[in-house]
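Here is what each chain is made of, one letter per residue.
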Amino acid sequence: MSEPHAPPQSPPSLSLLTLSDQIPRAQFSKRTLIRTILCRPDSGADLAGQRVTIGGWVKTGREQGKGAFAFLEVNDGSCPANLQVMVDADVGNLGELVHTGTSVLVEGTLKAPPEGARQRIELRVERVVEVGTVDPAKYPLPKARLTLEFLRDVVHLRPRTNTISAVARIRNALAYATHTFFQNHGFLYVHTPIITTSDCEGAGEMFQVTTLINEAEKAEKELKKNPPPSEAEIEAADSAVKEKGEVVKQLKSAKASKEDIIAAVAVLNKAKEELSKLEERAKLKAGILQKDGKIDYSLDFFSRQAFLTVSGQLQVESFACAVSNVYTFGPTFRAENSHTSRHLAEFWMVEPEIAFADLEDDMNCAEAYVKFMCQWLLDNCLDDMEFMAKNFDKAAIERLKMVASTPFERISYTEAVSLLENVKDKKFDNKVEWGIDLASEHERYLTEVLFKKPVIVYNYPKGIKAFYMRLNNDDKTVAAMDVLVPKVGELIGGSQREERLEVIEKRILDMGLPLEPYEWYLDLRRYGTVKHCGFGLGFERMILFATGIDNIRDVIPFPRYPGRADL
């Protein structure tokens, strides 16, 4: 997909600002945000005659009138639309100003453009305050259409493009909506650790956190610089300590002066220090130290194995079992060597937990949350959504409206499998049978074709779900649920948590996991256990669903995936 050009001034349909004769200045900057000019019901037309200072980056520039003046399309990232700026040659160096990527801070007066112009207002510059120049021969983002794949190689500059800046504003709006939703419903925001010793998913695909490699490299360098002492050197040092000790002993027996004894003791202590250094250096070995044929993690930074978290769920549950309703929202990590358009090594998760609640409460919360986010984008980010609908997915806005206003379908896993087994108009790549983990093609068929709306599938086979999900009375399924939406399939995965100590202990062991790392988690069941539930929403998947962009690497500011961790 190519990086599309925004029209020079297509005013957003969303009335973000009310009509006023006064243009508010940015609170912490001596300038006016372009959105406060253009994102008004009149697209800024009634502001003609007002003096403003604006700053931004030149999207396009062109000299006209044989170099007498220039038109610049300036964007400051506050909205998709550009402000047209006219600069006379006697006000600024037009040769510096017109290049794409140039930053400008200019003062001037807003004027009505000539009749028939696309824009409703433009800025006539009276003073160029600051210019950040660009060498057009070297600037990596020319005016030509650029693919999103190309932009991943200039991740530090791609926020200047129309698409990535629009995605950033949509991402910001969804983050704001997330906090607003949970705060409005009395949830407590909890920061869970990024470094953990627990594997929430039990998949083992985790990034390890260790200093053992650094320590081994330090030891190797030290051994090359100062080879370990020989046995003869250590024996000589030991003999010196004994000799100096004998001197001290003789001086004390002879009742020598205090000064002589103190001096002899100092020599003895120095000899002991030298011996200690030699013995420590003798212990240095190349490579990572092992014990009983295995890496000795007791020597690691945390004195045990540690990893980057794959989920904050287990930790946030400890707060749910104390202060009731909570949520965490932060980065998670998966060392999965996958190059698909749906996988990242670092991604963000929204994970609420609700005390004294069951699976039905969980589904109700998930549905309300997704609807809230969709409506929030329609109410607060429509200009960016219109850009996405025009350039990436014509159905994006209608999809948001549908999800925001339509009750979600709810079916059991068994019902879902039965429906899919009876599909005649499509041949699935993955065979459908009871017990499988539904593939993306199955999920999307349910939500896009069969029901044409979001679907919540619940009560999954226990063999394909995590140990912490509550075992149902049939002993075959767990109280789990997935929210499926058009475009992406699974958006949310959640469950009622297993609150019965003996049941969850057995589930952990049945999955081949050790009990020891989860003893703290089991304590939540030993002491005041409570029925509770929760879910996780993949934040980047929500952005894919909203924008219609195809690759998850284009909806996170700094994508990390196999072979790439730029910046």
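The sections below set out a description of the structure shown in this document. These numbers come from a predicted model, not from an experiment. (Residues numbered from 1 in each chain as written. Predicted model: local features only at pLDDT ≥ 70, side-chain atom pairs only at ≥ 80, totals over all residues. Heavy atoms only, no water.)

Turning next to the overall build of the protein. Assigned secondary structure in the protein consists of 16 helices and 20 strands. Taken over C-alpha atoms, the radius of gyration comes to 33 Å for the protein, far larger than the 24 Å a tight globule of 567 residues would show. Projected onto its principal axes, the C-alpha positions of the protein cover 115 × 75 × 45 Å. When each of the 567 residues of the protein is scored for burial, the buried share is 49%. Put simply, of all contacts in the protein between residues at least 6 apart along the chain, 69% involve residues at least 24 apart. Of the accessible surface of the protein, which amounts to about 27,800 Å², a share of 52% is contributed by carbon and sulfur atoms. The positive charge centre, built from 72 side chains, and the negative charge centre, built from 82, are 3 Å apart in the protein. (Helix = DSSP H or I, 4+ residues; strand = E, 2+ residues; numbered from the N terminus. Rg over C-alpha atoms; globule rule 2.2 N^0.38 Å. Buried < 20%, exposed > 50% of the residue type's maximum accessible area, 1.4 Å probe, protein only. Contact = heavy atoms within 4.5 Å. Areas by Shrake-Rupley, 256 points an atom, 1.4 Å probe, with all protein chains shown as cover. Lys, Arg positive; Asp, Glu negative; His and termini not counted. Charge placed at Lys NZ, Arg CZ, Asp CG, Glu CD.)

A few words now on the pattern of salt bridges. A full pass over the atoms with the stated rule returns 34 salt bridges. Taking the shortest distance from any N to any O, the salt bridge between Asp554 and Arg158 comes out at 3.6 Å. Here the residue Asp554 occupies a position in the segment after helix 16 (539-547), and Arg158 occupies one in the loop between helix 3 (148-151) and helix 4 (162-184), the gap between them amounting to 396 residues. Exposure class is identical for Asp554 and Arg158. Each is buried. Residue Lys487 pairs with Asp550 through a salt bridge whose shortest N-O separation is 3.5 Å. Placement of the pair is Lys487 in the loop between strand 18 (477-485) and strand 19 (489-496) and Asp550 in the segment after helix 16, with a sequence separation of 63 residues. If you follow the salt bridges from partner to partner, you end up with Asp393, Arg399, Lys487 and Asp550 in one network. (Salt bridge = Lys/Arg side-chain N within 4 Å of Asp/Glu carboxyl O.)

This part takes up unusual backbone geometry. Working note: non-glycine residues mostly have negative phi, and peptide bonds are mostly trans. Despite not being glycine, Ser43 shows a phi value in the positive range, around 55 degrees. By secondary structure assignment, the location of Ser43 is in the loop between helix 1 (34-38) and strand 2 (51-64). The buried category is assigned to Ser43, whose relative accessible area is 6%. Within the chain, Asn459 stands out as a residue other than glycine whose phi angle is a positive 60 degrees. Mapped onto the elements, Asn459 comes out in strand 17 (residues 455-461).

Moving on, we get to helix 7 (residues 258-283). Relative to the 38 Å expected for 26 residues at 1.5 Å per residue, helix 7 spans 38 Å between its end C-alpha atoms, a close match to the ideal helical length. The complete set of buried residues in helix 7 reads Ile261, Ala264, Leu268, Ala271, Leu275 and Leu278. Of the surrounding elements, those touching the buried residues of helix 7 are helix 6 (231-253). (Expected span 1.5 Å × (residues − 1).)

Our focus in this paragraph is the packing of aromatic side chains. In this description, an aromatic ring pair is defined by two values, namely the gap between the centres and the angle between the planes. What the rule picks out here adds up to 21 aromatic pairs. Ring centres 5.5 Å apart and planes at 25 degrees place the aromatic pair Tyr176 and Trp376 in the stacked group. Of this pair, Tyr176 sits in helix 4 while Trp376 is found in helix 9 (residues 359-380), placing the two residues 200 residues apart along the sequence. A cation over a ring is seen here: Arg399 above Phe545, with NZ or CZ 5.4 Å from the ring centre. Seen from the ring of Tyr521, Arg525 lies directly overhead, with NZ or CZ sitting 4.1 Å from the centre. (Phe/Tyr/Trp six-rings, centres within 6.5 Å; stacked < 30°, edge-to-face > 60°. Lys NZ or Arg CZ within 6 Å of the ring centre and 35° of its normal.)

A few words now on the environment of Asp153. Within the secondary structure, Asp153 sits in the loop between helix 3 and helix 4. Considered as a pair, Asp153 and Arg564 are 411 residues apart in the sequence and their alpha carbons are 9.6 Å apart. At a separation of 3.0 Å, a polar atom in the side chain of Asp153 contacts the side chain of Arg564. (Polar contact = N/O pair within 3.5 Å; in protein donor to acceptor, adjacent residues only side chain to side chain.)

The biggest cluster of nonpolar side chains holds 72 residues, and the ones touching the most others in it are Phe182, Leu377, Met481, Ile492 and Leu537. Of the residues forming this core, the biggest block, 11 residues, is contributed by helix 9. In this structure Ile492 touches Ala366, Val370, Met481, Asp482, Val483, Phe535, Gly536 and Leu537, once residues within four positions along its chain are discounted. Tyr460, Val503, Tyr518 and Leu522 belong to the second-largest nonpolar core, a separate cluster that totals 32 residues. (Core = buried A, V, L, I, M, F, W, Y, C linked by side-chain atoms within 4.5 Å.)

Pairing within the open sheet is mixed, and its 8 strands lie in the order 8-14-15-20-19-18-17-16. At either margin of the open sheet sits one strand with a lone partner, and together these are strand 8 (188-189) and strand 16 (409-412). Pairing between strand 14 (residues 326-333) and strand 15 (residues 346-355): 8 bridges, direction antiparallel. Across the sheet, residue Thr332 finds its bridge partner in strand 15, namely Phe347. Across the sheet, helix 13 (residues 440-450) is in contact with strand 16, strand 17, strand 18 and strand 19; its angle to strand 18 comes to roughly 60 degrees. (Pairing = 2+ DSSP bridges. Axes fitted to C-alpha atoms, helices over the stretch in contact; angles between N-to-C directions.)

Moving on to helix 10 (residues 382-391). Think of an α-helix as 3.6 residues a turn; residues three or four steps apart then line up on the same face. Counted residue by residue, helix 10 has 7 buried out of 10 residues, so it is predominantly covered. Leu382, Asp383, Asp384, Met385, Phe387, Met388 and Ala389 are the residues of helix 10 that are buried. For helix 10, the elements touching its buried residues are helix 4, helix 9, helix 11 (396-405) and helix 16.

Attention now goes to the pairing of strand 18. Across the 9 residues that make up strand 18, a large majority, 9, are buried. Here strand 17 runs beside strand 18; their pairing, made up of 6 bridges, is antiparallel. Residue pairing in the sheet places Tyr460 in a bridge with Val478 of strand 18. The hairpin formed by strand 18 and strand 19 contains 3 residues between the paired strands, and Lys487 there has a positive phi angle of roughly 85 degrees.

All right, on to the packing of helix 9 against helix 11 then. For the pair helix 9 and helix 11, interaxial distance at closest approach is 8 Å and the crossing angle is 135 degrees. Between helix 9 and helix 11, the interaxial angle falls into the category oblique. When you trace helix 9 past helix 11, the crossing you get is left-handed. Packed against helix 9, whose contacting residues are Val370, Lys371, Cys374, Gln375, Leu377 and Leu378, the element helix 11 presents Ile397, Leu400, Lys401, Val403 and Ala404 at the interface. (Parallel < 35°, antiparallel > 145°, perpendicular 65-115°, else oblique. Left-handed = near helix turned anticlockwise from the far one by under 90°.)

With that settled, the discussion passes to the environment of Leu420. Along the chain, Leu420 turns up in helix 12 (residues 413-421). Overall, the relative accessible area of 2% leaves Leu420 in the buried class. Separated by 12 residues in sequence, Leu420 and Val432 place their C-alpha atoms 6.8 Å apart. Setting aside chain neighbours within four positions, we find Leu420 in contact with Phe428, Val432, Leu438, His442, Tyr445 and Leu446.

This part is about the side chain of Asp76. Mapped onto the secondary structure, Asp76 falls in the loop between strand 3 (69-75) and strand 4 (83-88). By relative accessible area, which is 12% here, Asp76 ends up buried. Within the structure, the side chain of Asp76 is placed 2.9 Å from the backbone nitrogen of Ile34, a separation counted as a polar contact. Separated by 2.6 Å, the side chains of Asp76 and Ser78 make a polar contact. Leaving out residues up to four positions away in the same chain, Asp76 has contacts with Arg31, Thr32, Leu33, Ile34, Gly55, Gly56 and Trp57.

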